[in-house]
Structures are given as structure tokens and as C-alpha cells.
Amino acid sequence: MAMITTQRCLPQAFFHITERTTSLSSFKLQGQSKFRRVIKMSATELTNSRISYESFAIQPPLHPTYDLKGIIKLALAEDAGDRGDVTCLATIPFDMEVEAYFLAKEDGIIAGIALAEMIFDEVDPSLKVKWSKNDGDFIHKGLQFGKVHGRAHNIIVAERVVLNFMQRMSGIATLTKVLIGGGRNHRMGLFDMVMIKDNHISTAGGVTNALRAVDLYLEQKHLHMEVEVETRTLDEVKEVLHYASQTKTSLTRIMLDNMVVPLPNGDVDISMLKEAVQLVNGRFDTEASGNVTLDTVHKIGQSGVTYISSGSLTHSVKALDISLKIDTELALKVGRRTGRA
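**Q** I tried to follow the overall build of the chain on my own but got confused; where do I start?
**A** Within the chain, the secondary structure is distributed over 11 helices and 18 strands. Residue burial in the chain is summarised as follows: out of 341 residues, 49% are buried. In the chain, the share of contacts with a sequence separation of at least 24, taken over all contacts with a separation of at least 6, comes to 74%. Working note: accessible area of the chain is about 17200 Å², and carbon and sulfur atoms make up 52% of it.

**Q** Help me out: how do you make sense of the environment of Val207 in this one?
**A** Mapped onto the elements of the fold, Val207 is located in helix H6 (residues 207-221). When the C-alpha atoms of Val207 and Glu230 are compared, they prove to be 8.5 Å apart, with 23 residues separating the residues in sequence. Look past the residues within four positions of Val207 in its chain and what remains in contact with it is Ile201, Val229, Glu236, Glu239 and Val240.

**Q** Which parts of the structure should I look at to understand the sheet that holds strand E5 (residues 97-104)?
**A** Backbone-to-backbone hydrogen bonds pair the strands of a sheet. The strands run either parallel or antiparallel. Ordered in space as E7-E9-E5-E18, the 4 strands form an open sheet in which the pairing is antiparallel. In the strand order of this sheet, the two ends are held by strand E7 (128-131) and strand E18 (322-325), each with one partner. Adjacent strand axes in the sheet meet at a mean angle of 15° when their direction is disregarded. Across 4 bridges, the pairing between E5 and E18 is antiparallel. Across the sheet, the residue bridging to Phe102 is Leu324, located in E18. The strands touched by helix H11 (residues 328-338) are E5, strand E9 (144-151) and E18; relative to E5, the strand with the most contacts, the crossing angle is about 25°.

**Q** Help me understand the packing of aromatic side chains, please; the structure alone is not making it clear to me.
**A** The way to describe two aromatic rings as a pair is by their centre distance and the angle between their planes. Evaluation of the coordinates by the stated rule reveals 4 aromatic pairs. Their ring planes at 35° and their centres at 4.8 Å tell us that Phe102 and Trp131 sit as a pair that is tilted. Of this pair, Phe102 sits in strand E5 while Trp131 is found in strand E7, placing the two residues 29 residues apart along the sequence. Their ring planes at 35° and their centres at 5.7 Å tell us that Phe102 and Phe145 sit as a pair that is tilted. Remark: Phe145 occurs in strand E9 and Phe102 occurs in strand E5; sequence separation between them is 43 residues.

**Q** What should I look at first to understand the packing of helix H7 (residues 234-246) against helix H8 (residues 271-280) in this one?
**A** The axes of two packed helices give the description: the angle between them and the distance between them. The interhelical angle for the contact between H7 and H8, taken along N-to-C directions, is 10°, at an axis separation of 10 Å. Taken as axis vectors, H7 and H8 run roughly parallel relative to one another. Contacts from Leu234, Val237, Lys238 and Leu241 in H7 reach Met272, Glu275, Ala276, Leu279 and Val280 in H8. Across the contact of H7 with H8, the residue classes tally to 7 nonpolar, no polar and 2 charged.

**Q** Looking at this model, I keep getting lost on the nonpolar core. Mind explaining?
**A** What tends to happen in soluble globular proteins is that the nonpolar side chains get buried as a cluster. Ranked by size, the top nonpolar core spans 40 residues in total, and within it Phe102, Phe120, Phe145 and Met166 carry the most contacts. Secondary-structure elements contributing two or more residues to this core are helix H1 (68-80), E5, helix H3 (113-123), E7, E9, helix H4 (152-179) and E18. Of all the elements, H4 adds the most residues to this core, at 10 residues. Not counting chain neighbours up to four residues away, the residues in contact with Met166 comprise Phe102, Ile110, Ala111, Gly112, Ile113, Ala116, Trp131, Phe145 and Ile322. Formed by 34 residues, the second largest nonpolar core is a distinct cluster that contains Leu218, Val240, Val260 and Val280.

**Q** What is the right way to read the pairing of strand E16 (residues 285-289) from this model?
**A** Two faces make up the sheet, and in a regular strand the side chains alternate between them. The element E16 is extensively covered by neighbouring structure, given that 4 of its 5 residues are classed as buried. In this structure, strand E13 (residues 253-257) lies alongside E16, joined through 5 bridges in parallel fashion. Note on E16: the bridge partner recorded for Met255 is Glu287. Pairing between E16 and strand E17 (residues 307-309): 3 bridges, direction parallel. From the neighbouring strand, Ala288 faces E17, where its bridge partner is Ile308.

**Q** Got a minute to help me understand the packing of H6 against H7 in this structure?
**A** It is at 9 Å that the axes of H6 and H7 come closest, and there the two elements cross at 40°. In terms of axis orientation, H6 runs oblique to H7. For the crossing formed where H6 meets H7, the hand is right-handed. Contacts between H6 and H7 involve Val207, Thr208, Leu211, Arg212 and Asp215 on the former and, on the latter, Glu236, Glu239, Val240 and Tyr243. Among the residues making up the contact of H6 with H7, the classes are represented as 4 nonpolar, 1 polar and 4 charged.

**Q** Explain H1 here, please?
**A** Every α-helix carries 3.6 residues per turn, so stepping three or four residues along brings you back to the same face. The end-to-end C-alpha distance of H1, which contains 13 residues, comes to 18 Å, matching closely the 18 Å that a straight helix rising 1.5 Å per residue would cover. Among the residues making up H1, those that are buried are Leu68, Lys69, Ile72, Ala75 and Leu76. Seen along its axis, H1 keeps its buried residues to an arc of 125°; they face one direction. Facing away from the buried side of H1 by more than 90 degrees, the exposed set consists of Leu74 and Glu78. Just downstream of H1 lies Gly81, where phi reads positive at about 60°.

How each quantity is defined
- Residues numbered from 1 in each chain as written.
- Predicted model: local features only at pLDDT ≥ 70, side-chain atom pairs only at ≥ 80, totals over all residues.
- Heavy atoms only, no water.
- Helix = DSSP H or I, 4+ residues; strand = E, 2+ residues; numbered from the N terminus.
- Buried < 20%, exposed > 50% of the residue type's maximum accessible area, 1.4 Å probe, protein only.
- Contact = heavy atoms within 4.5 Å.
- Areas by Shrake-Rupley, 256 points an atom, 1.4 Å probe, with all protein chains shown as cover.
- Pairing = 2+ DSSP bridges.
- Axes fitted to C-alpha atoms, helices over the stretch in contact; angles between N-to-C directions.
- Phe/Tyr/Trp six-rings, centres within 6.5 Å; stacked < 30°, edge-to-face > 60°.
- Parallel < 35°, antiparallel > 145°, perpendicular 65-115°, else oblique.
- Nonpolar A, V, L, I, M, F, W, Y, C, P; charged D, E, K, R; others polar.
- Core = buried A, V, L, I, M, F, W, Y, C linked by side-chain atoms within 4.5 Å.
- Left-handed = near helix turned anticlockwise from the far one by under 90°.
- Expected span 1.5 Å × (residues − 1).
- Arc of directions from axis to C-beta.

And the structure:
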């Protein structure tokens, strides 16, 4: 069965899709009551502008510049400008307290609950947030799956930033769930995996030269990490295999780029891809890249390739429609009128 990775290195999604794993719901927070405080991420201390991860129920990926709190502060500052929320200041008494409910306006997989907790806490630590769903759970249209209680002004100030993150993260999680059921990034950045692409190969003077240079570099730097090389023709695949048969190499994966050929009827021809997989014959992991869509992914998987990569999981995703409403009765009435509840 083929695994699917995202090629974009975005902090919003940590996916590695595989039919050999369970769905995203396997990542949900365990051992908590139906309504509970999920996590207090923003209470953790920052060291060298990086969050301590000990209190995270679901560990975020390691990254040398990872700073969720900094991103949240920037997003809130962008909204506030130099005057703050002038509409809230004009219409809502500062000390008025309300209860607002998270409302799903379409079916999907929820993601970003823990991050939403962090945003609310950053705006106002006295806000009380409870959830009936976990990150990775399915939510259906019309479901109230969480609530926040406290000062109305602060809830509304946090609302847009919370929804911006949750809608996008949930859209990615939902699209990934449609494909197979779970996923992770291809890599987090340029620092944690060697990916020898076409421009590296052209500049180095060929596949063999590029691989030899990488092996030498890793040896000199005493580095141990995954190495992937892009191949565009069967001859390049054969060249990679010949190099690996003659030399000790750090190579772990061969990318088979654009060997999926689209057909006029919307189908794809995977004969070249299958031939490449057969040439490799299990000596390395293989990855299909290019012309991957929701409609073609399963056929591509039939080639025997180990991985299937798709940047569309992040760069072309549709945000999941979620809202935060104080008057849920009216919101549901309007939603039913428009088919969104």
C-alpha cells in the first residue's frame, strides 16, 4: 500500500498518509471527559524563543525555529493594529460575559483544538474553554462541538484568529482523511532531509555526481538523515541503482517524478511508473510525484510505489466551514436556510 506525504513544509499540517495506519482520529487526546479543558499550551515557558513541548498532549514536530506563541502574537497584533478592535470597543461593555459555541457548518475532521486553547489563553487566561470533540474527530454539519465562556470582548477579539487556524487545519485534515486516513509532512524544512532535486542534479553535473557529493558531505559532517533523489527517466533510475550497487550510500528513497502520464479521458497511464518500481525491486523506498489527484491516487498506489506525494494537501486545500456563535439558535436557523447547518 502506498503512503502519501505532503511536499509543502507548513506548520499547519503534520501528515503521513498510509493505509497501514489508523485514521487521524488515532491522534485524538485520550483519557479526558466529554467536556474538558484540553491543554494549557501557552502556560509553558519559552526558551530561546521556542516552546517547551512537555505539556503538549500531541507533540508538534521538532523544528529549530518553531514558535507557536510568537505566531499567535503576530496574528493578534496584525488584527489589533494601533487601535484594537474598534467595533468591540464601540458596541460591547468590557466586563460583559457571554458563552459562545463552536458550530460545524459542514462535515469534516476537526483539527486545531489545542491551538485554539492557546490563542484564547493568550488573549485572556480567564476564558473557560470546553470541547465535546478531540483533534482528529469527525464532526457533522450542525454540531456544536465546543464552547468558550468569559468576557465577550475578548472572545470576539480571539474569534477570527482561532477560526483562521482551525478552518485551515481542519480542511487539511479532512482532505487527508478523504484520501486514505492520516498523514505527515514530506519534510519540515531544508535542514532535516536531503532531497536531491532536478536543479541540484543539473548543477552537480548528473545524478551520480550529486549522490556522490551528498554521501561525502554527510560523512564529513557526521550526519545521519534520510536521502532522496529525484529521477525523471528510467535511465536515471538505472544510473542511481548502478551507483548504489558500486558504492556505500546514504540513499533511502528514489523519487519517480512525472512518471504518471495523464490521459485525455481523465485517467492516468502508470506503466512507466510500474516499470521503475520493478527496476528498484525493493532496494529503496520509491515515491510517485506529479499528476497526483484525488481521482488518480488509488490507481497510482496500484503501481507498488511506497510513497505518493501531493502538495495539494496543503497548497490547494479548502478550509472547513466552522463558526463561533453567541446566539446559536439564530445561527442554526440561518444555517438551515442556507443549507449550512
